[in-house]
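Letter by letter, the chains look like this.
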Amino acid sequence: MQSSQGPFDLNLAFPQWQGSGRHQNLPRGAAAAAAVCGQYAPQSLVPLSDGNAESAHGVRRWEAVFAQFRSAQEILARSGAKRVLTAGGDCAVDVAVIDYLNGIHPGLRVIWIDAHLDANTPATSPSGNFHGMPVSAILGRAPEPMRPFLGASIDPARFRYFGIRIGDDGDWALQRELDLKVLDSETPLDGPVHIHFDLDVLDPHEFPYVAYPEGGLGIEDAIALLGRIAREADVVGLTVTEFAPSDEEEAREGSKVIARLCEAVINP
Ligand SMILES: NC(=[NH2+])NCCC[C@H](N)C(=O)O
């Protein structure tokens, strides 16, 4: 509850772009998001791997994706942090973060705010891009070599989507199989909660600085939603992903919105 909610004790800056199929502007967005989030907690940076093997285990740029996942795990474990604010990077940065938080906060709930289901597996993904697979990974369907490094998977009953519009056949198949639900006003929000916020959930008329502009959520509605979650639950993780401004001016504009989203959670 609110009284136990303190500020985040770690800002993980995780500039991974290799999970995205449209990564051109992600490094600029990751740097800008890290500059914003670094104001709210001490920052640790996940180093990018120079692994460039094209594809393995059904995942494009697997070598880099896996090396960065392991680096993030080591940084998180060493930090001892209890509450983590993460600046992505592509959506898949959250696999390491959610797994870590689930290990230290039993019964963790996950709210996945995104235009996309991101529930493909290496077998169903049409693109091989890992940013389309993090939901399946945290629910027990991670790529084979990642599994020994993951703890217990998230209970699908404690997972909620918000803002989803776009899915591939494999995304919807997993959603149906695990009966993944959408957050509504009846969903109880007690206990520790992690919020995944993919900026592409936002209406591109208001926030066009993403590579997959397919969302429909207004900025004020997003802020109200985050405030509601933070008042009702104990937010132990917030991850902001997929910021892809095409120049420094867009980076500045988008950064103001990212700051408001963080503050909606920090001071609900
Ligand atoms: N977080 C995102 N922008 N995800 C886009 C995923 C696109 C598509 N479903 C794929 O698997 O490649």
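Before any of the text, the structure's been laid out above.
What comes next concerns the included structure. Note that the structure is predicted; figures quoted are calculated from it, not measured.

1. Let's talk about the pairing of strand β1 (residues 10-14)
Thought 1: Among the 5 residues that make up β1, 5 are buried, leaving the element largely enclosed by the rest of the structure.
Thought 2: A two-sided burial pattern is seen for β1, the buried positions comprising Leu10, Leu12 and Phe14 on one face and Asn11 and Ala13 on the other.
Thought 3: In this structure, β1 lies alongside strand β5 (residues 84-88), joined through 5 bridges in parallel fashion. Among the inter-strand pairings, Ala13 is bridged to a residue of β5, identified as Ala87.
Thought 4: Handedness of the crossover joining β1 and strand β2 (residues 43-45) through helix α1 (residues 26-37): right-handed.

2. Some remarks on the sheet that holds strand β7 (residues 159-162)
Thought 1: Strand order in the open sheet made by the 8 strands is β2-β1-β5-β10-β9-β6-β7-β8, with parallel pairing throughout. Among the strands making up the open sheet, the edge pair consists of β2 and β8 (181-182).
Thought 2: In the sheet, strand β6 (residues 109-113) pairs with strand β9 (residues 192-198) via 5 bridges, with the strands oriented parallel. Note on β9: the bridge partner recorded for Ile111 is Ile195.
Thought 3: Its contacts with the sheet place helix α7 (residues 248-266) against β5, β9 and β10 (234-241), and it is angled at close to 170° to β10.

3. Structural notes on the layout of surface pockets
Thought 1: One number sums up the size of the largest pocket: a volume of about 250 Å³.
Thought 2: Taken together, 20 residues line the largest pocket, and the ones lying closest to its centre are His116, His131, Gly132, Asp168 and Tyr212.
Thought 3: Residues that form the lining of the largest pocket fall into these classes: 5 nonpolar, 8 polar and 7 charged.

4. Details of the site of the ligand
Thought 1: With respect to spatial proximity, 14 residues lie near the ligand, and among them Asp118, Ser127, Asp168, Asp198 and Asp200 are the closest.
Thought 2: Ser127 places a polar side-chain atom, nitrogen or oxygen, 2.5 Å from an oxygen atom of the ligand.
Thought 3: The protein chains hide 92% of the 350 Å² of surface that the ligand would expose on its own.
Thought 4: Given that more than half its atoms are within 2 Å of the pocket grid, the ligand belongs to the largest pocket.
Thought 5: Taken together, the residues of the shell around the ligand sort by class into 2 nonpolar, 5 polar and 7 charged.

5. Structural notes on unusual backbone geometry
Thought 1: In this structure, the amide linkage connecting Gly88 to the following residue, Gly89, adopts the cis form with an omega of 5°.
Thought 2: On the secondary structure map, Gly89 appears in the loop between β5 and α3 (94-104).
Thought 3: Although it is not a glycine, His57 adopts a positive phi angle of roughly 55°.
Thought 4: Its place among the elements puts His57 in the loop between β3 (55-56) and β4 (59-60).

6. As for the packing of aromatic side chains
What characterises a pair of aromatic rings is the spacing of the ring centres plus the angle enclosed by the ring planes.
Thought 1: Using the criterion set out here, one finds 6 aromatic pairs in the structure.
Thought 2: What links up through ring pairs into an aromatic cluster is the set Trp62, Phe66, Phe69 and Phe149.
Thought 3: When the ring centre of Tyr212 is taken as origin, the NZ or CZ atom of Arg22, which lies over that ring, is 4.0 Å away.

7. Remarks on empty space enclosed by the protein
Thought 1: Taken as a whole and judged by the stated rule, the model has 1 cavity of 30 Å³ or more.
Thought 2: For the largest cavity, the full set of lining residues is Phe14, Gln16, Val65, Gln68, Phe69, Ala92, Val93, Val95, Ala96, Phe130 and Met146.
Thought 3: By residue number, the principal contributor to the lining of the largest cavity is helix α2 (residues 62-79), which donates 3 residues.
Thought 4: In terms of residue class, the lining of the largest cavity is built from 9 nonpolar, 2 polar and no charged.

The rules behind each value
Along each chain, the written sequence defines residue order, and numbers are assigned to residues from 1. Where totals are concerned, whole chains, interfaces and linings use all residues; where local detail is concerned, this predicted model gives features only for residues with pLDDT of at least 70, and gives and counts side-chain atom pairs only at 80 or more. Heavy atoms throughout the structure, all of them, feed into the side-chain values; hydrogens and water do not. The buried label goes to any residue with under 20% of its type's maximum accessible area, the exposed label to any with over 50%, and the partly exposed label to all in between, with areas taken from a 1.4 Å probe on protein chains only. Strands are runs of DSSP state E lasting at least two residues, helices are runs of H or I lasting at least four, and both sets are numbered from the N terminus onward. In this analysis, strands are considered paired if DSSP registers two or more bridges between them. A clockwise path from the first strand over the helix to the second, with the strands pointing away from the viewer, defines a right-handed crossover. Whether two residues are in contact is decided by their heavy atoms, any of which lying within 4.5 Å being enough. Fitted lines through C-alpha atoms serve as axes, helices being fitted only where they are in contact, and the angles separating the N-to-C directions of these axes extend from 0 to 180 degrees. Using only the protein atoms, space was sampled on a 1 Å grid; points where a 1.4 Å probe fits but cannot get out form cavities, open sets with protein on both sides within 12 Å along at least five of seven lines form pockets, and lining residues are those with an atom within 4 Å of a point. Grid points are joined across faces, edges and corners, and a volume is the space filled by probe spheres set on the points. Note on residue classes: Ala, Val, Leu, Ile, Met, Phe, Trp, Tyr, Cys and Pro are nonpolar, Asp, Glu, Lys and Arg are charged, and everything else, Gly too, is polar. Whether a residue is near a molecule or strand depends on its heavy atoms: if one lies within 4 Å, it is near. For this analysis, a polar contact is any N or O atom pair within 3.5 Å, provided that within protein one partner can donate a hydrogen and the other can accept it, and provided that sequence-adjacent residues contribute only side-chain to side-chain pairs. Residue exposure ignores everything except the shown protein chains as possible cover, and the areas themselves are Shrake-Rupley values with a 1.4 Å probe. To decide whether a molecule occupies a pocket or cavity, check its atoms: if more than half lie within 2 Å of the grid points, it is inside. For Phe, Tyr and Trp, where Trp contributes only its six-membered ring, two rings pair if their centres lie within 6.5 Å, and the inter-plane angle classes them as stacked under 30 degrees, edge-to-face over 60, or tilted in between. Definition used: whenever NZ (Lys) or CZ (Arg) falls within 6 Å of the ring centre and also within 35 degrees of the ring normal, the charge is taken to sit over that ring.

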